[in-house]
Amino acid sequence: MDRISKILQSRIKRKIVIFFYENPQSVDSVRGIATWTNIKPKLAKKALEELAKDGILVAHRGSSTTGYAYTQDKNIISQIEAKLSNAIT
Amino acid sequence: MNNLEENRDFIERISRSADIQEEKKIFDSFVGETSIWWLIGEKLDKKSVIVITADKNVSLCSNFSESRLRDKCLNCLLKKLRNVFKSSRPIQFNCNLYFFGMAFPIPYNGQISASLGICHLNKNIPSLVLENLRIAIKIIADKIKKEQELSKLYETVKPRAIALSTVHTVHRLIGSTLNLEELLPRIARLSLQVLRGKKCIITLVDPIKRIILPKTFIDIDKKTANIKKMHLKLTLEKRVIRTGKIYLDSKRLCVPLMDQEIIGTVRVESKQDNKSFTNFDQEILTVLGEQAVIAIKNAQLYEERGRMLLGSIKSLAAILDARLPDTYTHPIGFVEIVLEIGKELKLSEEKMESLKYAALLLDAGKIGIPDEILMKPTKLTGKEYSLIKEHPIKGAEIVGSIEPLKPAIPLIMHHHERFDGTGYPMKLRKEQIPLGARIIALADAFEAMICKRPYRGTMKINDAVEEIRKSSGTQFDPIVVKAFINLVRGGKIKNIICRLQKRLV
């Protein structure tokens, strides 16, 4: 199984990735993403950090908050698109 | 969603509704039969009919799976339901299979846009039950319509709420730094992120020279870009600054950064999905630009304040120096050594700033000590040494009245403490001594060893480093000693030492 498929096996990570796939312009905090995806903030934070480490998200770190956003890596975006487009439609 | 789609969504919601399933169960238990419930939308064809069952395991009717029979039932029902659409009233009927049935209109948006059919009953249903059922179905339909409206509202509001949340997060991110060198690339990265662009360039206008300076350039396809080596024409920026108007075409979007006057521009180029920039992108970048202006102005003011403060400190140091050179202040190389150690220990920006101020005004407290003691070439008496030991406290008092220098006070106060607790003025030990003071203590001792003093000559650099290494854990913090030795080994402070010696030896 490829790396992206493995990541998307996690229900929480999948929900977060779907959110960014549908809203690629979004830059949001843990609390914001937890609200949009209906995930507990503590679980969202852990998943967001792991997704950032995996390169699926970008973490913009400030002193008072971290803004998470969708990757700008074309390869990762197309891989995710291939996995999700069928599943969502 | 158009009317037809809305209507279809309404019917699907009714078919999935737990209330209608519950209503069917109640009805079946009341009549003692297993009825078949059908829902049909205004298109009135077989494809748009939805069969509702209370329990999927219960067969709709014994032979219903036979497609011919299903087809027959559908044809029969469609005829009945058409009548409901015409009359807008519930009707009862007998079907070709000698079953009883009924059909209810379901109002939606002031029209009868759906109909519920119930059939395969062995007897006619009393009119009172029929009326109760009609009311129940109307209540369910109203509830579903409200749910649909709420859902529609949510779908409309959600993208705006997500966009608003993005604007809020971006605002917090760019407002959380006062360092212009950090701020501008952050604004560029966030602009690219929000607009899904490939390139971003930020320029600032030099208010004195009245020229446009490219400050940040980010190309997501290239890892690094040295803006100083780039030959950017900035034609677009010149135009935006001259006219004060936003520039938008399919590939480029450039907005002016407007304060009371234009202070610069943000340009984003080429969408990642190769689509064109839109008016929505323009609105977003304009909002981002407005936030950026505030953050840039704050950072510029903060830098200006820093420059003014440093200027005042240098003036104060110069005044002290004029009285007795190299007694109240340390040479500039000393400050560099202190800052290099601080950097090696990865101190925060704020701590580095305090360290710099403390290093510049370290011995300001010596102003109260008579010159003959400070310049005495022989050993000091006990009383004289007591006076010398007061200078950290006096120094802290002198800078204490200057508000921005307050973080530097503990560093000035404790720079003669020793790691083993035998220093002065308060005999603090280990981590009780602020880290900045531990750094200064080492740099101060090192400088004293390699520079000439009234009471002794200079020491070779290697010997001085060895002396410091030997005093690790007693006079000096081992962590600071390690950082210092790393710097010496790496040759980072070799040049500083050479400059120090040239000037002082």
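Structure's up top.
Residues numbered from 1 in each chain as written. Chains lettered and ligands numbered in written order. Predicted model: local features only at pLDDT ≥ 70, side-chain atom pairs only at ≥ 80, totals over all residues. Heavy atoms only, no water.

Some thoughts on the overall build of chain A
Move 1: A tally of regular secondary structure across chain A gives five helices and three strands.
Move 2: Within chain A, the fraction of its 89 residues that count as buried is 48%.
Move 3: Considering only intrachain contacts with a sequence separation of at least 6, the fraction spanning at least 24 residues in chain A is 53%.
Move 4: In the structure as shown, chain A presents an accessible area of about 4,800 Å², 50% of it carried by carbon and sulfur atoms. (Helix = DSSP H or I, 4+ residues; strand = E, 2+ residues; numbered from the N terminus. Buried < 20%, exposed > 50% of the residue type's maximum accessible area, 1.4 Å probe, protein only. Contact = heavy atoms within 4.5 Å. Areas by Shrake-Rupley, 256 points an atom, 1.4 Å probe, with all protein chains shown as cover.)

With respect to the overall build of chain B
Move 1: Helix and strand content of chain B: 17 helices and 10 strands.
Move 2: Within chain B, residue pairs in contact and separated by at least 24 positions form 61% of the contacts whose partners lie at least 6 positions apart.
Move 3: Accessible surface computed for chain B: about 27,300 Å², of which carbon and sulfur atoms make up 53%.

Examining the pairing of strand 9 (residues 252-258) of chain B
All names here are of chain B.
Move 1: Counted residue by residue, strand 9 has five buried out of seven residues, so it is predominantly covered.
Move 2: In terms of strand pairing, strand 8 (residues 247-248) meets strand 9 through two bridges, oriented antiparallel. Across the sheet, residue Leu-248 finds its bridge partner in strand 9, namely Leu-253.
Move 3: Hairpin geometry of strand 8 and strand 9 is characterised by an intervening segment of three residues between the two adjacent antiparallel strands.
Move 4: In this structure, strand 9 lies alongside strand 10 (residues 262-271), joined through seven bridges in antiparallel fashion. What sits directly across from Pro-256, in strand 10, is Thr-265. (Pairing = 2+ DSSP bridges.)

Points about empty space enclosed by the protein
All names here are of chain B.
Move 1: Under the counting rule described, the total for this entry stands at two cavities of 30 Å³ or more.
Move 2: There is about 80 Å³ of room inside the largest cavity.
Move 3: As for the largest cavity, its lining consists of Lys-72, Cys-73, Cys-76, Leu-77, Phe-93, Cys-95, Asn-96, Leu-97, Cys-119 and His-120.
Move 4: Among the elements of the structure, helix 3 (67-87) and strand 5 (111-121) are those that each provide at least two residues to the lining of the largest cavity.
Move 5: Tallying contributions element by element places helix 3 first for the lining of the largest cavity, with four residues.
Move 6: By residue class, the composition of the lining of the largest cavity is seven nonpolar, two polar and one charged.
Move 7: Put simply, the second largest cavity is a space of about 30 Å³.
Move 8: Forming the walls of the second largest cavity are Glu-417, Arg-418, Phe-419, Ile-433, Arg-438, Ala-441, Gln-475, Phe-476 and Asp-477.
Move 9: Counted by class, the lining of the second largest cavity contains four nonpolar, one polar and four charged residues. (1 Å grid on protein atoms, 1.4 Å probe; cavity = no way out; pocket = protein on both sides within 12 Å on 5 of 7 lines; lining within 4 Å. Points joined across faces, edges and corners; volume = space filled by probe spheres on them. Nonpolar A, V, L, I, M, F, W, Y, C, P; charged D, E, K, R; others polar.)

Comments concerning a nonpolar patch on the surface
Residue and element names in this part refer to chain B.
Move 1: On the surface, Leu-150, Leu-153 and Val-157 cluster together into a nonpolar patch covering about 290 Å² of accessible area.
Move 2: Note that Leu-153 resides in helix 4 (residues 127-174).
Move 3: Judged by relative accessible area, Leu-153 falls into the exposed class, the value being 51%. (Patch = residues over 30% accessible without salt bridge, like charges linked within 9 Å, V, L, I, M, F, W, Y side chains within 5 Å. Salt bridge = Lys/Arg side-chain N within 4 Å of Asp/Glu carboxyl O.)

Describing the environment of Arg172(B)
Move 1: Locating Arg172(B) in the fold gives a position in helix 4.
Move 2: When the C-alpha positions of Arg172(B) and Ala295(B) are compared, they lie 10.0 Å apart, and in sequence the two are 123 residues distant.
Move 3: Arg172(B) has contacts with Ser64(A) and Thr65(A), leaving out every residue within four places of it along the chain.

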